[in-house]
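# Secondary and tertiary structure notes
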Amino acid sequence: MNHQKSEALFAKACRYIPGGVNSPVRAFANVKEIPLFVDHADGAYLYDVDGNAYLDFICSWGPMILGHNHPLLVNGMEEVMRKGISYGLCTPDEEHLAKLICDAYRGMDMVRMVNSGTEATMSAIRIARGYTKRNKIIKFEGCYHGHSDCLLVKSGSGALTFGTPTSPGVPEDMVKHTLVCRYNDLASVKEVMEQYPDDIAAVIIEPVAGNMGVVGANASFLKGLRALCDEYHSVLIFDEVITGFRLAYGGAAQYYGITPDMACFGKIIGAGLPVGAYGGKKEIMSCVSPCGPIYQAGTLSGNPLAMHLGTLLLDYLKTHPHLYTELADKGHYLKTGIEKLLQEKGLPFQVHQCGSLLTLFFTDTAISSYDEVKTCSQDMFTTYFHTLYEEGILLAPSPYEAMFLSDAHTKEQLDYVLDKIALALDKVKR
Ligand code: PLP
């Protein structure tokens, strides 16, 4: 595959942008590649500047649940842009999107829009701290909640890939209130709660982790967290930036039937435009300025473009509930297909799938937390990634990311992918 134009652009970009990229995982360095420079995308396909086509399983890291260039969203964008781009004032779509989110999500009385998932989790933590008048928070090893200081501790995603779970530039003082527990290990949470019975403001979790590969929480673990938060009066925050409106219309909360006190969103709710949101119980959200004393603001928060596309997409998802069944079917189809190949080839790897999220872990260890994720082979993943890449199948260039399925992916395309996975597994085996 020819990547000449991408190479030339990358060389130029490195002059002006650190590492040539605006987010580390895009560097492809992890798989010893140069970044791919995109020209355009359509449906399930993405086309680079060299004219190569790829079946895209990155899907903009989650937002493109309908695939690329969906007419509903393209037409909606044109329509809203013609009216004006940004006002920094209220628009009807803000109310519409907030209502859609509150109606969709268990226990969500009010929601505040922000501009990214990072802002959503950072703000939710501040509100939980202000509401409880406590400082400490609990997060889980391998979970990523964006790059704000107090949450950049033992995170997943890029931070995990690059082996710098706690980044330089984050003072010790900023993370001294962040306590890290083991995913799916309720005893580790209980221990911390017992040690600091009056100090834990919030417990934040990805209910299905997507940033150490796909690792689902056990339902009993999440129920246990709910009970511990009730007992110790801590705020339970579900980070649904990936899972919100993807796992189910009502996110992981609906999927598990568990109601958190607060939840954070991003990705799908902006249909591909920069967005985030946090919300929860009225009692908590009433503390947010200007209702209450806890300050949080944003020049472009609730911007008209993202709000309009968000309302179009959520309205669509709400009225097409079969889409979730179909996405889960496709996920299951891919999972069972890969498992069959693994069995045929005598390979002991693990396939995790939850709805339209899937990860193949290159380890013979059963995985339920970050400790086991760390046993995966990066070298095997690199071989696997490269073989698929050369065959025009684009996975996230990291073993710790999910494969995202969209409505645009067809069973025929998945059959093609399974054929090529067979090839890739043969190479991994050598
Ligand atoms: N939370 C989760 C679960 C995420 O996966 C991400 C990003 O991938 C974030 C938060 C941060 O979102 P953003 O990249 O929009 O800041």
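Residues numbered from 1 in each chain as written. Predicted model: local features only at pLDDT ≥ 70, side-chain atom pairs only at ≥ 80, totals over all residues.

Which entries qualify depends on this criterion: UniProt positions are given in the numbering used here, feature names are shortened, and annotations may be inferred rather than shown by experiment.
An unreviewed UniProt entry lists the protein under the name Glutamate-1-semialdehyde 2,1-aminomutase, with Longicatena caecimuris as the source organism. Taken from UniProt, the Subunit (unreviewed entry) comment for the protein reads in full: "Homodimer."

### Quick word on the overall build of the protein
The line we're drawing: The numbering of helices and of strands both runs from the N terminus, where a helix is a DSSP run of H or I of at least 4 residues and a strand a run of E of at least 2. For the radius of gyration, the atoms used are the C-alpha atoms, and the globule rule reads 2.2 Å times the number of residues raised to 0.38. Here exposure depends only on C-beta density: within 10 Å of a residue's C-beta, 20 or more other C-beta atoms make it buried, 12 or fewer make it exposed, and intermediate numbers make it partly exposed, the C-beta atoms being placed from the backbone. Remark: residues whose backbone-derived C-beta atoms lie within 7 Å of one another are considered to be in contact.
Within the protein, the secondary structure is distributed over 15 helices and 16 strands. Here the protein has a C-alpha radius of gyration of 21 Å; the compact-globule value for 430 residues is 22 Å, and the two agree. In terms of principal-axis extent, the alpha carbons of the protein reach across some 55 × 55 × 45 Å. Going through the 430 residues of the protein one by one, you find that 52% of them count as buried. Across the protein, every contact between residues at least 6 apart in sequence was considered, and the portion connecting residues at least 24 apart equals 73%.

### Describing the site of the ligand
Defined as follows: Any residue whose C-beta atom, as placed from the backbone, lies within 6 Å of a molecule or strand is termed near it.
With respect to spatial proximity, 17 residues lie near the ligand, and among them Ser116, Gly117, Thr118, Gly146 and Val241 are the closest. Looking at the shell around the ligand element by element, the count peaks at 3 residues for helix α4 (residues 117-132).

### Description of the environment of Asp261
For Asp261, the location among the structural elements is in the loop between α9 (251-256) and β11 (262-265). The buried category is assigned to Asp261, around which 22 C-beta atoms lie within 10 Å. The spacing of Asp261 and Phe362 is 101 residues in sequence and 36 Å in space, taken between C-alpha atoms.

### Side note on the nonpolar core
The nonpolar side chains of a soluble globular protein tend to be buried, and buried together. To keep it simple, the criterion reads: By definition, a nonpolar core groups buried Ala, Val, Leu, Ile, Met, Phe, Trp, Tyr and Cys residues that are joined through C-beta atoms within 7 Å. Each domain's extent is set by a domain assignment, obtained either automatically or from a database.
Counting residues in hydrophobic clusters, the biggest one holds 138 residues, and the most contacted among them are Ile101, Ala128, Val203, Val235 and Ile237. Sorting elements by how many residues they give to this core places helix α11 (residues 304-319) first, with 8 residues. Among the domains, domain 1 (4-69 + 321-429) and domain 2 (71-319) are the pair contributing at least three residues each to this core. Setting aside its immediate chain neighbours within four residues, Val235 contacts Ala128, Tyr131, Thr132, Ala201, Ala202, Cys229, Asp261, Met262 and Ile284.

### Quick look at the UniProt feature "modified residue: N6-(pyridoxal phosphate)lysine" (unreviewed entry) in the protein
UniProt feature "modified residue: N6-(pyridoxal phosphate)lysine" (unreviewed entry): in the numbering of this structure it lies at Lys267. Note on placement: Lys267 falls in the loop between β11 and β12 (276-280). Judged by local crowding, Lys267 falls into the buried class, with 26 C-beta atoms found within 10 Å. Other than its neighbours up to four places away in sequence, Lys267 contacts Trp61, Gly62, Pro63, Gly117, Val241 and Ile242.

### Quick notes on the pairing of β12
Test applied: For two strands to be treated as a pair, DSSP must find no fewer than two bridges joining them.
Burial runs high along β12: 5 of the 5 residues are buried. Where strand β4 (residues 110-114) lies against β12, 5 bridges are found, and the strand directions are antiparallel. If you follow Val114 over to β12, its bridge partner there is Gly276. Sheet topology places β11 next to β12; 4 bridges connect them, and they run antiparallel. Looking at the pairing, Ala263 lines up with Gly279 of β12.

### As for the sheet that holds strand β5 (residues 136-140)
Note the following rule: Fitted lines through C-alpha atoms give the axes, limited to the stretch in contact for helices. The angle between two N-to-C directions lies from 0 to 180 degrees.
Strand order in this open sheet of 7 strands is β4-β12-β11-β10-β7-β5-β6, and the pairing throughout is mixed. The sheet is open, and its two edges are formed by β4 and β6 (178-181), each paired on a single side. On average, adjacent strands in this sheet sit at an angle of 20 degrees to one another, irrespective of strand direction. Sheet strands in contact with helix α3 (residues 92-104) are β4, β11 and β12, and its direction is about 125 degrees off that of β4.

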